[in-house]
Structures are given as C-alpha cells and as structure tokens.
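Summary of the model geometry
Residues per chain are reported as follows:
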Amino acid sequence: MEVNKQFSDKALKDFKLIDKAVDDGNEQAFAELMERYKRPVYHMILKMIRNTDDAEDLTIEAFAKAFKNLHKFKKDYTFSTWLFRIATNNTIDFIRKKKLKTFSLNTSFTDDAGESVNIDVEDNNLNPQEEAIKAQKIELVQMFVTKLPPKYQRLVKLRYFDELSYDEIAKTLEAPLGTVKAQLHRARELMYDLVKDKKPHI
C-alpha cells in the first residue's frame, strides 16, 4: 500500500518482514522481527517496572500479542511504534493490577508513639478489567505451555497461571531457588521460540 510518510530503511525492512510473515507465514520473518526488537522492548519494560523477571515475562507477552495481531498492522506508522505501544499498554496493565491489589485506608489509628498509621487492606476481588487482563495472559500462555517439555510445564503454570514469586515456586516444588530461576529462564527461551514460530492466527 502507498505510504504518506518518509520511512527509514529499517522501517521499510520491517514492512517487508511483516508482509512475509503475514502473507507467506514465513517463520524466519517472525524470528527476524523478534531478533531486531527483543532487547529494546525488554529494556523499555525494565525501565518501567525495574524487575528483570517481570520484564522478561512481559516481553514474551508483548511479542505474543503483536504476532497474534500482526495481520491487523497498518503501515501508517512504523512497526516499532506499534510494537512499543503494545508493550507499553501491556506493562501499564500489569502495573495497574499490582497497585490495585492493595489500597490504603487513611484511618485515625495511631501507634504507641502517637504516629498516624496507614493500613493497607488487601483486596482479593479482581475488578472486571483485572479479570480480563488475567484471562488474556492465561490464554496467551496456554498456547505455549502444552508444547513445552513436561519438566517446564509446571514451572510455567505456577509462574503465569498462579502468579507465584520465584521464592514461592521454590518452596512449592521444594527446589533450590537457583534451579527454579535457571529452569524458568530456559522455559522463557523456549517460549520465545514458540512465539516467533507462530503464524498470525495464534
């Protein structure tokens, strides 16, 4: 299609890769798009949340969402702009959900020293938006989890479905924390491979 703006050579190369990925289902094109943007997306997300484990998870989710919707991409702007918007929105949803889990009640309670104390009350009821975000995340991971080797499947389910921390997973599996981290890192790498090998209809 005709484009109104002057795009860089990099952007034009992205457009060609997208055409190959969408029209021909070219797996190498998916892989190359991920290779070009995996690190920049990860570092952008890391600046937003400052947690490497969550940043890695959210990077996988961003690419899964982008590749799932690649057939809807319009060349009105660069692929990188579109991809970073998906990654940013997904990360904001994640941050919002984390913040919404607790809320502060400004009570008149004072401690023994006469200092005012805010009480954080955990709200275990997810609102409809949070429910939708969680359902979407589970749907994304379900596309990959059954394709992973069995030893990684339980780890991934605990991390993504049950949303346990690394420490909680180590306790649940009675495994060393270092082993859990190493295996989850490997599981993520396998999921990256699955994401990039997917056609747009995933």
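Residues numbered from 1 in each chain as written. Predicted model: local features only at pLDDT ≥ 70, side-chain atom pairs only at ≥ 80, totals over all residues. Heavy atoms only, no water.

So, on to the environment of threonine 91. Among the secondary structure elements, threonine 91 is positioned in helix α4 (residues 79-100). Look at threonine 91 and you get buried, because its relative accessible area is 0%. Taking the C-alpha atoms as reference, threonine 91 lies 7.7 Å from methionine 48; in sequence the two are 43 residues apart. Every residue in contact with threonine 91, bar those within four places of it in the chain, is listed here: Ile45, Met48, Ile49 and Leu58. A distance of 2.7 Å separates the side chain of threonine 91 from the backbone oxygen of alanine 87, its partner in a polar contact. (Helix = DSSP H or I, 4+ residues; strand = E, 2+ residues; numbered from the N terminus. Buried < 20%, exposed > 50% of the residue type's maximum accessible area, 1.4 Å probe, protein only. Contact = heavy atoms within 4.5 Å. Polar contact = N/O pair within 3.5 Å; in protein donor to acceptor, adjacent residues only side chain to side chain.)

A few words on helix α2 (residues 27-49). Relative to the 33 Å expected for 23 residues at 1.5 Å per residue, α2 spans 31 Å between its end C-alpha atoms, a close match to the ideal helical length. Tyrosine 37 marks the point of greatest bend in α2, at about 45°, and the proline proline 40 comes within the next four residues. Looking only at α2, the buried set comprises Ala29, Phe30, Ala31, Leu33, Met34, Tyr37, Val41, Tyr42, Met44, Ile45 and Ile49. (Expected span 1.5 Å × (residues − 1). Bend = angle between axes of the 7 residues up to and from the residue.)

Packing of helix α7 (residues 166-173) against helix α8 (residues 177-196) brings their axes to within 9 Å, and their N-to-C directions diverge by 110°. Taken together, α7 and α8 sit at an angle that is classed as roughly perpendicular. Along the contact surface, α7 presents Tyr166, Asp167, Ile169 and Ala170, while α8 presents Leu177, Val180, Lys181, Leu184 and Arg188. Looking at side-chain class alone, the contact of α7 with α8 contains 6 nonpolar, no polar and 3 charged residues. (Axes fitted to C-alpha atoms, helices over the stretch in contact; angles between N-to-C directions. Parallel < 35°, antiparallel > 145°, perpendicular 65-115°, else oblique. Nonpolar A, V, L, I, M, F, W, Y, C, P; charged D, E, K, R; others polar.)

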